[in-house]
Amino acid sequence: MRSAAVVQVCDMPTVSVKRELLFQALGRRYTDEEFDELCFEFGLELDEITSEKDIISKEQGDGKAEGASDIILYKIDVPANRYDLLCLEGLVRGLQVFKERIKAPRYKRIMPVNVDVQRLIITEETAQVRPHAVAAVLRNITFSKDRYDSFIDLQEKLHQNICRKRALVAIGTHDLDTISGPFTYTARPPSEIRFKPLNQSKEYTASEIMDLYRTDSQLKHYLHIIENKPLYPVIYDSNSVVLSMPPIINGDHTKISLNTRNVFVECTATDITKAKIVLDILVTMFSEYCEKQFTVEAAEVTYLNGKTCIYPELAYRREKVKPDLINKKIGISETPSSLAKLLTRMCLKSHVTGNGNNIEIEIPPTRADIIHACDIIEDAAIAYGYNNIQMTIPKTYTIANQFPLNKLTELLRQDLAAAGFTEALTFALCSQEDIADKLGADISSTKAVHIANPKTAEFQVARTSLLPGLLKTIAANRKMPLPLKLFEISDIVLKDSTKDVGAGNQRNLCAIYYNKNPGFEVIHGLLDRVMQLLAVPPSKESGYLIKAAEDSAFFPGRCAEILAKGQSIGKLGVLHPDVITKFELTMPCSALEINIEPFL
Amino acid sequence: MSPAMATDGPALAELLLQRLERAGGSGLGSLEAAAALGLEHQQLVGAVKSLQALGEVIEAEQRSSKRWELTSEGKEIIQEGSHEARVFDSIPAEGLPQSKLMNLPSGKVGFSKAMSNKWVRLDKNADGGPRIFRAVESVQDSVREKLQLVQQGEAESLEEKDRNELKKRKLLTEVVIKTYWIRKGSAFSTTVTKQETDLTPEMIASGSWRDLKFKAYNFEALGIMPESGHLHPLLKVRTQFRQIFLEMGFTEMPTNNFIESSFWNFDALFQPQQHPARDQHDTFFLQDPAKATDFPMDYLKRVKKIHSQGGYGSQGYKYDWTLEEARKNILRTHTTAVSARMLYRLAQQEKFTPAKYFSIDRVFRNETLDATHLAEFHQIEGVVADYGLTLGDLMGTLREFFTKLGISQLRFKPAYNPYTEPSMEVFSYHQGLQKWVEVGNSGIFRPEMLLPMGLPEGVSVIAWGLSLERPTMIKYGINNIRELVGHKVNLQMVYDGPLCRLDA
């Protein structure tokens with residue numbers, strides 16, 4: 001998605017589904033091209049057609065792939081806010097409604113008959129570590145291998161995306177028939193928690209469990225969430241059986257299997273809004289396999305202060321949007337009833353109200369992404385078909401202006417090239433060494449901004465000079481015939497307490513001459529030419545002059561400061577042999593670097 | 001004096017021209033001409049080339065032919081006789097001791113051949129050691145005779161078996177020679193004028209150029225490249241994109257601020273504080289200066305409210321928005337942070353006026369690097385703010401923009417971006433790859449971003465973006481981004497780069 005630079009990259013979740021299973025559920029077959037086309041229209045992307053065997057042989061080599069399944073898999077990229085499309089069940093439901101083959105199901109929360117409602121009591125200790133929990137029951141569910149795999153996979157997808165790698169929300173699913181409520185969500189010192197974790201053969205204390213998973217390729221990423229807390233979250237049943245120690249691991253005791261008929265779902269969280277969304281998504285997707293399809297049995301969550309909530313919320317929200325607004329925002333002219341029909345195809349059941357002045361839209365619990373009328377308008381546009389919208393040119397009349405600093409830069413670039421210098425384009429980020437040690441300076445003497453989280457030394461600071469980049473460019477091009485004459489006009493970054501962020505850019509011009517002789521006169525001549533281009537004469541009063549100066553980057557006695565517009569704008573001179581050596585160069589070299597902003 | 005001795009360059013050329021005159025329209029072959037003039041073929045070829053350089057005096061068509069030539073040993077045999085004949089001749093009637101014979105120059109080779117021809121006999125039991133006697137009265141030196149035939153150009157009259165035998169004995173070789181078939185040219189003349197290399201000031205002054213002939217130029221050779229500086233290919237493309245935006249009436253935004261606060265980079269764009277893009281793994285945070293200090297506080301309060309509680313018809317994200325998170329300084333991850341500042345500024349005007357903005361500048365991502373991804377790249381962005389803009393307007397603007405880039409086949413895919421709704425990815429059909437490739441991303445900014453800024457309710461803002469590097473890499477066929485951007489650039493590529501003409 002890098003080309004999509006207008007947008008911050010957000011990892012698009014990829015859902016992998018068996019092609020046969022998908023077509024079976026869709027009730028028809030597609031060619032790969034047809035399915036790709038359908039995805040495109042709906043805002044999905046058929047990213048890859050592969051198989052388990054292909055995946056393993058790609059990642060680990062052909063040898064390892066032997067015996068792996070060669071059933072065809074579709075890898076489908078799903079928009080990051082569409083949690084309702086993260087599993088086969090949801091994808092099929094979304095596409096079938098889109099194609100008007102089915103009506104969107106209506107999800108219902110029901111109270112249990114003949115048994116008590118399941119209760120989860122939250123104790124106050126959880127407040128310090130993970131204060132929220134929600135719960136629900138999937139009653140009389142029928143799993144198959146594929147359904148079970150999809151159930152586990154959806155939890156993983158939710159964990160990786162909306163749950164922010166379990167930091168915000170962690171899901172636990174349990175075989176209700178192995179435990180008995182009421183359940184207690186509490187927090188205890190790690191030494192006091194002891195149970196047999198999922199798929200382990202013996203009991204461990206919580207501290208031991210953390211050690212156990214320190215090398216686990218998956219679970220090690222979640223340990224930091226609670227590791228340094230004095231109390232760890234834990235859920236018990238009424239017989240002190242551990243259901244889970246969120247957000248790390250469930251207990252082995254409550255493990256669900258293909259034969260599980262009743263599933264207790266709990267989500268613990270630091271963000272209650274997201275916990276509710278996650279619970280709604282998980283139960284709406286898999287209530288399809290309950291005896292009473294699309295119904296979910298309620299659970300009661302009680303806080304110690306007596307506050308009680310019933311979950312899942314499965315709330316349907318109503319919004320009203322004017323048809324005129326939808327038409328105007330998209331640039332189409334559909335009738336209100338046709339717009340209502342378009343929205344209904346996006347699982348947003350809609351009808352026209354009033355005298356056709358309004359469309360009433362029902363937002364189902366699966367569509368937490370709909371938070372504003374603009375989201376509804378987008379769905380209408382998708383259902384209408386983006387590529388069916390008439391393209392128009394806005395009437396907006398404006399006079400264009402260049403940014404003066406860029407205008408000056410563009411003009412100078414052209415003339416520097418005409419003066420025989422070749423343009424380089426170097427990185428704005430570099431190592432401390434590049435801007436300090438290698439130029440014979442101390443990092444504390446620079447006004448450099450420092451990066452807190454560089455992955456390598458190349459990204460420690462923003463450059464405070466263009467010179468290191470040009471020297472590195474020459475070092476990488478030593479095979480080229482001499483002389484090398486390079487320039488760059490670009491921004492450096494300096495700390496500046498007058499700016500809101502405490503730092504600002506400065507547009508510099510840097511040029512360098514690299515040959516068997518130092519060529520000071522060449523670089524000096526270039527300065528004279530630049531000043532000529534800027535219509536600044538060589539004069540003490542109103543023009544520019546250079547005067548001897550000292551700078552650790554330059555050879556003593558071969559460096560001058562450049563004064564213009566009543567200020568020092570930079571330096572030129574023959575580079576210090578130490579600098580030349582540190583940049584892995586062997587020839588004499590002279591350089592010029594000035595700030596061009598005073599010439600605006 | 002043989003004619004060959006007298007023929008230096010021009011004289012030889014004229015001799016050749018005279019022969020050509022006599023040969024008439026059908027022309028003559030260089031081998032035959034050389035033989036007729038008693039010249040080495042190579043000398044004649046030199047004359048042909050110098051005549052060619054005069055222009056249209058002659059036409060010379062290159063041909064190649066095989067020819068049998070004597071080796072130096074073969075030539076010696078023509079002079080001195082074959083080794084075996086020389087051995088035979090050196091044996092007197094009373095015979096010769098074998099040891100003495102073997103010391104003669106042709107002894108060893110000649111003796112074995114003479115023996116197998118039965119020209120001589122060996123008496124091992126003679127007094128004073130083995131002795132050689134003539135076995136026949138006289139011999140016929142057929143080797144020499146055959147070589148003489150070859151010398152007279154009659155190699156073809158020999159039997160193949162004989163030729164191969166002589167070749168085996170390294171007396172003959174078969175050579176391929178480049179010959180010319182020469183005909184009169186359109187400017188044929190039998191005299192050769194001395195040619196001047198080039199025009200001089202003196203010739204111009206004296207007018208002598210009128211009477212002089214000038215050597216023809218070789219137009220097949222390359223010229224000498226002018227000494228010059230060169231602009232960087234990526235920045236040449238940047239110049240063209242700037243030009244396109246200016247042609248379309250877009251004003252350039254001041255993007256000269258690489259350091260940005262999380263507030264303007266994310267919060268102002270309604271990007272929630274837990275969004276993955278705000279993670280350490282994706283964004284460069286600053287250690288120093290770590291926090292931004294100055295915000296328009298009224299606006300900031302409205303941003304806080306829209307995130308945590310909603311408003312302006314939005315549900316919001318319903319989480320605890322913190323100022324601390326918004327204050328964190330970063331290296332901007334997109335230039336849209338500047339667009340946000342510009343739109344906020346636009347909203348502060350007394351009366352709203354429509355605006356079209358663009359920028360092309362660096363952005364930074366703390367990501368995994370590979371052949372097409374660097375930690376910094378250039379983002380191209382366009383923004384239009386006006387009353388009543390539609391999705392159709394966005395698509396129409398994109399069509400005009402991409403048409404100027406030489407991209408005409410576009411289609412649009414629904415997408416998700418945190419701060420645009422509707423959002424669309426832009427695909428174009430790539431003839432080379434024979435498939436649709438993503439060329440940009442676009443959308444209409446969310447009301448949750450625009451309304452807290454204070455923009456009027458009816459104002460829509462459409463925007464799109466793409467990277468500068470990708471179209472440049474495709475345009476110039478570069479596979480590794482490091483060859484294009486950064487210090488590892490290949491300067492030869494910069495020197496050799498063509499003009500950037502995006503629609504050509």
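Residues numbered from 1 in each chain as written. Chains lettered and ligands numbered in written order. Predicted model: local features only at pLDDT ≥ 70, side-chain atom pairs only at ≥ 80, totals over all residues. Heavy atoms only, no water.

Draft legend 1. Broad picture of the overall build of chain B. A count of helices and strands for chain B gives 20 helices and 18 strands. Relative to its length of 504 residues, chain B is extended, with a C-alpha radius of gyration of 45 Å against a globular reference of 23 Å. Its C-alpha atoms give chain B principal-axis dimensions of roughly 135 × 75 × 40 Å. When burial is assessed residue by residue, chain B has 52% of its 504 residues classed as buried. Within chain B, counting contacts between residues at least 6 apart in sequence, those at least 24 apart form 69% of the total. Taken together, the 61 basic and 63 acidic charged side chains of chain B have centroids lying 2 Å from each other. (Helix = DSSP H or I, 4+ residues; strand = E, 2+ residues; numbered from the N terminus. Rg over C-alpha atoms; globule rule 2.2 N^0.38 Å. Buried < 20%, exposed > 50% of the residue type's maximum accessible area, 1.4 Å probe, protein only. Contact = heavy atoms within 4.5 Å. Lys, Arg positive; Asp, Glu negative; His and termini not counted. Charge placed at Lys NZ, Arg CZ, Asp CG, Glu CD.)

Draft legend 2. Focus on unusual backbone geometry. Residue and element names in this part refer to chain A. In this chain, Tyr311 is followed by Pro312 through a cis amide linkage whose omega measures -5°. In this structure, Pro312 sits in the loop between strand 17 (308-311) and strand 18 (317-321). Positive phi outside glycine occurs at Asn140, with the angle close to 55°. Given a relative accessible area of 25%, Asn140 falls into the partly exposed group. A positive phi angle is found at Phe294, which is not glycine, with a value near 65°. Within the secondary structure layout, Phe294 lies in the loop between helix 9 (272-286) and strand 15 (295-297). Judged by its relative accessible area of 15%, Phe294 is buried.

Draft legend 3. Molecular detail of the sheet that holds strand 17 of chain A. Residues and elements named next belong to chain A. Spatially, the 7 strands line up as an open sheet ordered 13-12-11-8-5-16-17, and their pairing is mixed. What marks the edges here is a single partner per strand, and that holds for strand 13 (249-250) and strand 17. Examined bridge by bridge, strand 5 (residues 118-122) and strand 8 (residues 183-188) share 3 bridges and lie parallel to one another. Paired with Leu120 across the strands is Phe183, a residue of strand 8. (Pairing = 2+ DSSP bridges.)

Draft legend 4. Quick peek at the sheet that holds strand 20 (residues 358-363) of chain A. Residue and element names in this part refer to chain A. Strand order in this open sheet of 3 strands is 18-20-19, and the pairing throughout is antiparallel. Among the strands making up the open sheet, the edge pair consists of strand 18 and strand 19 (349-353). Across the sheet, the axes of successive neighbouring strands diverge by a mean angle of 25°, strand direction being ignored. In terms of strand pairing, strand 19 meets strand 20 through 5 bridges, oriented antiparallel. Residue Lys349 lies in a different strand from strand 20, and its bridge partner there is Glu362. (Axes fitted to C-alpha atoms, helices over the stretch in contact; angles between N-to-C directions.)

Draft legend 5. Just the pattern of salt bridges, in detail. Tallying each qualifying case throughout the model produces 61 salt bridges over all chains. Measuring nitrogen to oxygen at the nearest pair gives 2.9 Å for the salt bridge that ties Arg317 of chain A to Glu319 of chain A. A salt bridge links Arg362 of chain B to Glu376 of chain B; its shortest N-O distance comes to 2.7 Å. Of the two residues, Arg362 of chain B sits in strand 13 (residues 355-364) while Glu376 of chain B sits in strand 14 (residues 376-387), which places them 14 residues apart along the sequence. The exposure classification of Arg362 of chain B matches that of Glu376 of chain B, with both residues buried. The network of salt bridges with common partners includes Arg106, Arg318, Glu360 and Glu362 of chain A. (Salt bridge = Lys/Arg side-chain N within 4 Å of Asp/Glu carboxyl O.)

Draft legend 6. How the structure looks around the pairing of strand 6 (residues 172-184) of chain B. All names here are of chain B. Inspection of the sheet shows strand 1 (residues 28-29) paired to strand 6 by 2 bridges, in the antiparallel sense. Looking at strand 6, one finds that Leu28 is bridged to Ile182. By the bridge criterion, 13 bridges tie strand 2 (residues 58-70) to strand 6 in an arrangement that is antiparallel. The residue bridging Ser65 from the neighbouring strand is Ile177, located in strand 6.

Draft legend 7. Structural view of the confidence of the model for chain B. All names here are of chain B. On average, residues of chain B score 89 in pLDDT, and 98% of them reach the 70 mark or higher. Counted against residues more than four places away or in other chains, residues 1-6, with its pLDDT under 50, gives 5 contacts. For this predicted complex, the interface score ipTM comes out at 0.90, while the overall pTM is 0.80. (pLDDT = per-residue confidence, 0-100.)

Draft legend 8. Examining the side chain of Asn505 of chain A more closely. Within the element layout of this structure, Asn505 of chain A appears in strand 26 (residues 503-514). A distance of 2.9 Å separates a polar atom in the side chain of Asn505 of chain A from a polar atom in the side chain of Asp491 of chain A. One polar contact links the side chain of Asn505 of chain A to the main-chain carbonyl oxygen of Asn256 of chain B, over a distance of 3.5 Å. Every residue in contact with Asn505 of chain A, bar those within four places of it in the chain, is listed here: Asp491, Ile492, Val493 and Glu597 of chain A together with Asn256, Asn257 and Phe258 of chain B. (Polar contact = N/O pair within 3.5 Å; in protein donor to acceptor, adjacent residues only side chain to side chain.)

Draft legend 9. Quick look at the environment of Arg463 of chain A. Summarising the element assignment, Arg463 of chain A is placed in the loop between strand 24 (461-462) and helix 15 (467-475). Along the sequence, Arg463 of chain A and Ala206 of chain A sit 257 residues apart, while their C-alpha atoms lie 47 Å from each other. Not counting residues up to four positions away in its chain, the partners in contact with Arg463 of chain A are Thr426, Phe427, Ala428, Cys430, Ile435, Glu488, Ser490, Asp491, Ile492 and Val493 of chain A together with Arg362 of chain B. Within the structure, the side chain of Arg463 of chain A is placed 3.0 Å from the backbone oxygen of Asp491 of chain A, a separation counted as a polar contact.

Draft legend 10. The interface of chain A and chain B, seen in detail. Contacts between chain A and chain B engage 102 residues on the former and 131 residues on the latter. Between the two partners, chain A and chain B, sit 8 salt bridges. Linking Lys413 of chain B and Glu45 of chain A is a salt bridge whose minimum nitrogen-to-oxygen distance equals 3.6 Å. The tally of links from chain A across to chain B stands at 56 residue pairs in polar contact (both at pLDDT 80 or more). For the side of chain A that touches chain B, the element with the most residues is strand 25 (residues 484-495) of chain A, which contributes 8 residues. As paired strands, strand 23 (residues 450-451) of chain A and strand 11 (residues 286-288) of chain B are joined by 2 bridges and run antiparallel to one another. Paired with Ile451 of chain A across the bridge in strand 11 of chain B is Leu286 of chain B.

Draft legend 11. Looking closely at the packing of aromatic side chains. Under the defined criterion, the tally for this structure stands at 36 aromatic pairs over all chains. Relative to Phe35 of chain A, the ring of Tyr30 of chain A has its centre 5.7 Å away and its plane inclined at 70°; by these criteria the two rings are edge-to-face. Judged by its relative accessible area of 11%, Tyr30 of chain A falls in the buried class. Here Phe35 of chain A falls in the buried class, since its relative accessible area comes to 0%. Centre to centre, the rings of Phe352 of chain B and Tyr387 of chain B are 5.4 Å apart; their planes meet at 80°, and the pair counts as edge-to-face. You can see Phe352 of chain B sitting in the loop between helix 16 (336-347) and strand 13 and its partner Tyr387 of chain B sitting in strand 14, a full 35 residues away along the chain. Over the face of the ring belonging to Phe40 of chain A we find Arg411 of chain B, whose NZ or CZ atom lies 3.7 Å from the ring centre. (Phe/Tyr/Trp six-rings, centres within 6.5 Å; stacked < 30°, edge-to-face > 60°. Lys NZ or Arg CZ within 6 Å of the ring centre and 35° of its normal.)

Draft legend 12. Representation of helix 6 (residues 83-90) of chain B in the model. Residue and element names in this part refer to chain B. Buried residues dominate helix 6, accounting for 6 of its 8 residues. Looking at helix 6, one finds that the buried residues are His83, Glu84, Ala85, Arg86, Val87 and Phe88. Tucked inside the fold, the buried residues of helix 6 contact helix 5 (72-80), helix 7 (98-102), helix 8 (107-116), strand 4 (120-123), strand 5 (131-134) and helix 9 (142-151).

Draft legend 13. Expanded view of the environment of Ala127 of chain A. By secondary structure assignment, the location of Ala127 of chain A is in the loop between strand 5 and strand 6 (132-138). Taking the C-alpha atoms as reference points, Ala127 of chain A and Gln460 of chain A, 333 residues apart in sequence, are found 38 Å from one another.

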